[in-house]
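Spelled out, the chains give:
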Amino acid sequence: AAVLIWGPSAAAGVFVGAWLAYERPLLANGGAPLAAVLAAPALAALGCAAQALLGAALLRRCGSPEDMARSAREAAVFCVLAPLIGLIGPSFELLALVPNGILAGHHWAQAGFIWWIGDAVGILIATPLILAWARAAAKPALPTLAHAAEGLAAAALLAVSSVLSFGVLSPWHIHDTPLLFVAFPPTLWILFRFGPRSTTAAVAALGAGAAWLTAQGDAAAFSSTVQNSVLVTSSYLATLSMCALLARALLSERETAMKAVAEDNSAARERLKM
């Protein structure tokens, strides 16, 4: 998203941010040679920067990613390409583990798959969110009191449903099965009644809550292990993000078409009066 908005130079910021994120865990193995230890986070960060650059170039070549919130075609192209773009970073990140000897050979496939699905979900959730909020609104207007109250009610219901969906309170689970579907109604409410910004923010909020609980190990009720819980929550969030993005784009296209028809009808009435 940063490269799409500010150009290729933003990849430097992606590199620095990724290096800071990987520096501590990849430098934790003190038994490896110093050069290998220092090169590991740099190689992983290089993969993130390459993923940003190549992913943005691929999206640009296949369409106009800035319009994904208002064009069903652009949304569909993005949903297809996001998992492919997510393969770039993990390829570098797995190579960064080789010199340190952190990962045993029989765990490579599992680690690579979890790393890939994490990157893909991050692209699917964060990119539409940032692009939607970076784009200036056509006619910024203050919401009415009723619309603001409706927005607060939808946000409150989304917060409650996220607790019921991802929380570990035993009364809200049936035989240790999470109620993931409880978050659908408020998400659809926001999707139909509010614009792309609110829709992407709602999906991002659900994703942040689910990722935090899974990382803390509190979402282990999803499955027997934290790794399997990551796969469950990631698959759920990827599906929800794709469906929300496509549905919102279709609604935006419909709203644009209805507005154009209304303008044509208004012009036709004026011509008839004349």
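All of these numbers come straight from a predicted model, not from anything done at the bench. (Residues numbered from 1 in each chain as written. Predicted model: local features only at pLDDT ≥ 70, side-chain atom pairs only at ≥ 80, totals over all residues. Heavy atoms only, no water.)

### Regarding the overall build of the protein chain
Okay, step 1: A tally of regular secondary structure across the protein chain gives 10 helices and zero strands.
Okay, step 2: The helix and strand sequence of the protein chain, counted from the amino end, reads α-α-α-α-α-α-α-α-α-α.
Okay, step 3: Per element, the accessible surface of the protein chain, about 14,900 Å² overall, is 70% carbon and sulfur. (Helix = DSSP H or I, 4+ residues; strand = E, 2+ residues; numbered from the N terminus. Areas by Shrake-Rupley, 256 points an atom, 1.4 Å probe, with all protein chains shown as cover.)

### Here's the deal with the packing of helix 4 (residues 72-85) against helix 6 (residues 108-134)
Okay, step 1: Relative orientation of the contacting elements helix 4 and helix 6 amounts to 140°, with a least axis distance of 8 Å. By the criterion of interaxial angle, the relationship of helix 4 to helix 6 is oblique. Here helix 4 runs over helix 6; the crossing is right-handed. In contact with Phe 78, Cys 79, Ala 82, Pro 83 and Ile 85 of helix 4, helix 6 contributes Trp 116, Ala 120, Ile 123, Leu 124, Thr 127 and Pro 128. (Axes fitted to C-alpha atoms, helices over the stretch in contact; angles between N-to-C directions. Parallel < 35°, antiparallel > 145°, perpendicular 65-115°, else oblique. Left-handed = near helix turned anticlockwise from the far one by under 90°. Contact = heavy atoms within 4.5 Å.)

### A word on helix 6
Okay, step 1: Taking 1.5 Å per residue, 27 residues should reach 39 Å; helix 6 reaches 37 Å between its end C-alpha atoms and fits that length.
Okay, step 2: Along helix 6, the positions that sit buried rather than exposed are Gly 112, Ile 117, Asp 119, Ala 120, Val 121, Ile 123, Leu 124, Ile 125, Thr 127, Pro 128, Leu 131 and Ala 132. (Expected span 1.5 Å × (residues − 1). Buried < 20%, exposed > 50% of the residue type's maximum accessible area, 1.4 Å probe, protein only.)

### Quick notes on the environment of Ser 71
Okay, step 1: Its location among the elements puts Ser 71 in the loop between helix 3 (34-62) and helix 4.
Okay, step 2: Ser 71 sits in the buried class, given a relative accessible area of 17%.
Okay, step 3: Note: C-alpha distance between Ser 71 and Glu 253 (182 residues apart in sequence) is 6.2 Å.
Okay, step 4: With residues up to four places along the chain from it excluded, the contact list for Ser 71 reads Ala 249 and Glu 253.

### Quick look at the nonpolar core
Okay, step 1: Counting residues in each nonpolar core, the largest one holds 43 residues, and the members touching the most others are Phe 78, Phe 166 and Tyr 236.
Okay, step 2: Elements with a minimum of two residues in this core: helix 1 (2-6), helix 3, helix 4, helix 6, helix 7 (145-166), helix 8 (184-193), helix 9 (196-216) and helix 10 (226-273).
Okay, step 3: With eight residues, the single largest contributor to this core is helix 10.
Okay, step 4: Those residues in contact with Phe 78 that sit more than four places away from it in its chain are Leu 59, Met 68, Ile 123, Leu 124, Thr 127, Pro 128 and Leu 245.
Okay, step 5: With seven residues, the next largest nonpolar core counts Ala 18, Tyr 22, Ala 45 and Cys 48 among its residues. (Core = buried A, V, L, I, M, F, W, Y, C linked by side-chain atoms within 4.5 Å.)

### Overview of the confidence of the model for the protein chain
Atom-level detail of predicted coordinates should not be read off regions where pLDDT is low.
Okay, step 1: On average, residues of the protein chain score 82 in pLDDT, and 82% of them are at 70 or above.
Okay, step 2: Across residues 169-175, confidence stays below pLDDT 50; counting only partners more than four residues off in sequence or on other chains, it has seven contacts. (pLDDT = per-residue confidence, 0-100.)

### Description of the packing of helix 5 (residues 88-96) against helix 6
Okay, step 1: Two elements in contact, helix 5 and helix 6, have axes separated by 9 Å at closest approach and are oriented at 140°. For the element pair helix 5 / helix 6, the angle class is oblique. The element helix 5 and its partner helix 6 pack so that their crossing is right-handed. Residues Gly 89, Pro 90, Glu 93 and Leu 94 of helix 5 form the contact with helix 6, whose participating residues are Trp 108, Ala 111, Gly 112, Trp 115, Trp 116 and Asp 119.
Okay, step 2: For the contact of helix 5 with helix 6, the per-class residue count stands at six nonpolar, two polar and two charged. (Nonpolar A, V, L, I, M, F, W, Y, C, P; charged D, E, K, R; others polar.)

### What to know about the packing of aromatic side chains
Okay, step 1: Across all of its chains, the model carries three aromatic pairs by this definition.
Okay, step 2: Their ring planes at 0° and their centres at 6.1 Å tell us that Phe 184 and Tyr 236 sit as a pair that is stacked. Of this pair, Phe 184 sits in helix 8 while Tyr 236 sits in helix 10, placing them 52 residues apart in sequence.
Okay, step 3: Judged by relative accessible area, Tyr 236 falls into the buried class, the value being 11%. (Phe/Tyr/Trp six-rings, centres within 6.5 Å; stacked < 30°, edge-to-face > 60°.)

### Describing helix 7
Okay, step 1: Taking 1.5 Å per residue as the helical rise, helix 7 with its 22 residues ought to reach 32 Å, and the 32 Å between its terminal C-alpha atoms agrees with that figure.
Okay, step 2: Taken as a whole, helix 7 has its buried residues at Glu 150, Ala 154, Leu 158, Ser 161, Ser 162, Leu 164, Ser 165 and Phe 166. Taken end-on, helix 7 shows its buried residues confined to a sector of 155°, consistent with a single buried face. Exposed side chains of helix 7 directed beyond 90 degrees from the buried face belong to Leu 145 and Leu 152. (Arc of directions from axis to C-beta.)

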